[in-house]
Amino acid sequence: SYGRYNRPYAYMGVTIGGGLNTMLYSMDSGSQTPGFGMDLGVHYTHFFSAIGVGVGLHYTAANAYAVYNFDEVTNGLTHADNPGAHYNLTTHYDNWKERQNMTVLGLPIEVFYRTHIGGGRHFICGLGVEFDLPMRGGYSGVDGSYTTSGVFPAIGTYPVSDMPEHGFGTFYEVPDTPIEDLKAGVSVLADIGLRMPLGSGGGWYIGIYGSYGLTSLLDDGEGGSLLTIDPHNSQRIV
């Protein structure tokens, strides 16, 4: 029934949406831009009058991009071909573009306000919190290049380069690499929209939805070199 909004009223439904999102973190060098993400969910909302409470389950896939143009130096590495040989690695990033991705399972709890605006239509707005459970995170190179070279202090100061079989060369891609040890988090969320009837108690809801993470999904203060190498196979290691 689409009767007066001072009567008990419940919605059950499926949602789908998308938009720009980003994963925020501190960067010593480079710039980050949002990517396109999507959200799928199921929800149940019960209105006691004009006020209601809703719970649900969201699957969110987020994407962001970072571009790097700088030289990074990592000292005191041990070469796999000779465990006694220590070297200093220099990595030059030339418009290196990295795609970052994450999937999160969210458990939202919201308080809603609704008002009837005629014709069975309702204006609805909500505010709440969501418990975020990361499922997977990763990154991969999608454009640009990086060049690696190594200085072995035991044999001099001249950099070793153009030896891709030992991990020193110019590279244009890396495999999709997972981000380990993601933690659960909490976000605030809000949405606003219009619900229109379709008959038989069903309806369409069209609106805008947004959320913002309050806690870090990585350990606070965790950081390190953007890239080191495995001299056996030139793979990227974080």
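All residue numbers refer to positions counted from 1 along the written sequence of the respective chain. With pLDDT at 70 or above as the cut-off, local features in this predicted model cover only qualifying residues; side-chain atom pairs require 80 or more to be listed or tallied, and sums for whole chains, interfaces and linings still use all residues. For the side-chain quantities, the full set of heavy atoms in the structure was used; hydrogens and water were omitted.

Where do I start with the nonpolar core in this structure?
Grouped burial of nonpolar side chains is what soluble globular proteins tend to show. As used here, the term nonpolar core means buried Ala, Val, Leu, Ile, Met, Phe, Trp, Tyr and Cys residues forming a set that is joined through side-chain atoms within 4.5 Å. Buried means the residue's accessible area, taken with a 1.4 Å probe over protein chains only, is under 20% of the maximum for its type, while exposed means over 50%, and partly exposed covers the values in between. Core analysis: the biggest nonpolar cluster contains eight residues, these being Ala66, Tyr68, Phe70, Tyr93, Trp96, Tyr146, Phe171 and Val174. Of all the secondary-structure elements, those providing two or more residues to this core are strand 3 (51-68) and strand 5 (82-118). In this structure, Tyr87, Leu89, Phe152 and Val160 belong to the second largest nonpolar core, which totals seven residues. Helix and strand assignments follow DSSP, with helices taken as H or I runs no shorter than four residues and strands as E runs no shorter than two, numbered in order from the N terminus.

Please explain the pairing of strand 2 (residues 31-47) as it appears in this structure.
The side chains of a regular strand alternate between both faces of the sheet. Here, strands pair whenever DSSP counts at least two bridges between them. Sheet analysis places strand 1 (residues 9-21) next to strand 2, joined by 13 bridges and oriented antiparallel. Of the residues in strand 2, the one forming a bridge with asparagine 21 is glycine 35. Relative to strand 3, strand 2 runs antiparallel, the two being bridged by 14 bridges. Within strand 3, the residue paired with proline 34 across the bridge is alanine 64. Hairpin geometry of strand 2 and strand 3 is characterised by an intervening segment of three residues between the two adjacent antiparallel strands.

I would appreciate a short explanation of the environment of isoleucine 117 in the present structure.
Inspection of the secondary structure assignment puts isoleucine 117 in strand 5. Isoleucine 117 sits 77 residues away from leucine 194 along the chain, and the two C-alpha atoms are 9.6 Å apart. We call two residues in contact whenever any of their non-hydrogen atoms come within 4.5 Å of each other. In this view, isoleucine 117 contacts His122, Phe123 and Leu194; residues no more than four positions away in its chain are not counted.

Explain the pairing of strand 10 (residues 202-213) to me, please; I cannot follow it from the model alone.
Alignment of strand 9 (residues 185-199) against strand 10, held across 12 bridges, turns out to be antiparallel. From the neighbouring strand, leucine 189 faces strand 10, where its bridge partner is serine 211. Linkage of strand 9 to strand 10, two consecutive antiparallel strands, is achieved through a turn of two residues, within which serine 200 is found at a positive phi near 55°.

Explain the confidence of the model for the chain to me, please; I cannot follow it from the model alone.
Reading predicted coordinates in detail is not appropriate for stretches of low pLDDT. The predicted model of the chain averages 83 in pLDDT, with 87% of residues at 70 or higher. The predictor rates its confidence in each residue with pLDDT, a number between 0 and 100. Across the chain, strand 3 holds the top mean pLDDT of 92, while strand 12 (residues 236-237) sits lowest at 40. Counting interchain partners and residues more than four positions distant, the pLDDT-below-50 stretch residues 1-6 has 20 contacts. Counted against residues more than four places away or in other chains, residues 231-238, with its pLDDT under 50, gives 29 contacts.

Is there a simple way to explain unusual backbone geometry in this structure?
In this model, asparagine 95 sits at a positive phi of 50°, which is unusual for a non-glycine residue. Residue placement: asparagine 95 occurs in strand 5. Unusually for a residue other than glycine, aspartate 162 sits at a positive phi of about 55°. Among the structural elements, aspartate 162 can be located in the loop between strand 6 (121-151) and strand 7 (170-171). Residue aspartate 162 is classed as exposed on the basis of its relative accessible area of 67%.

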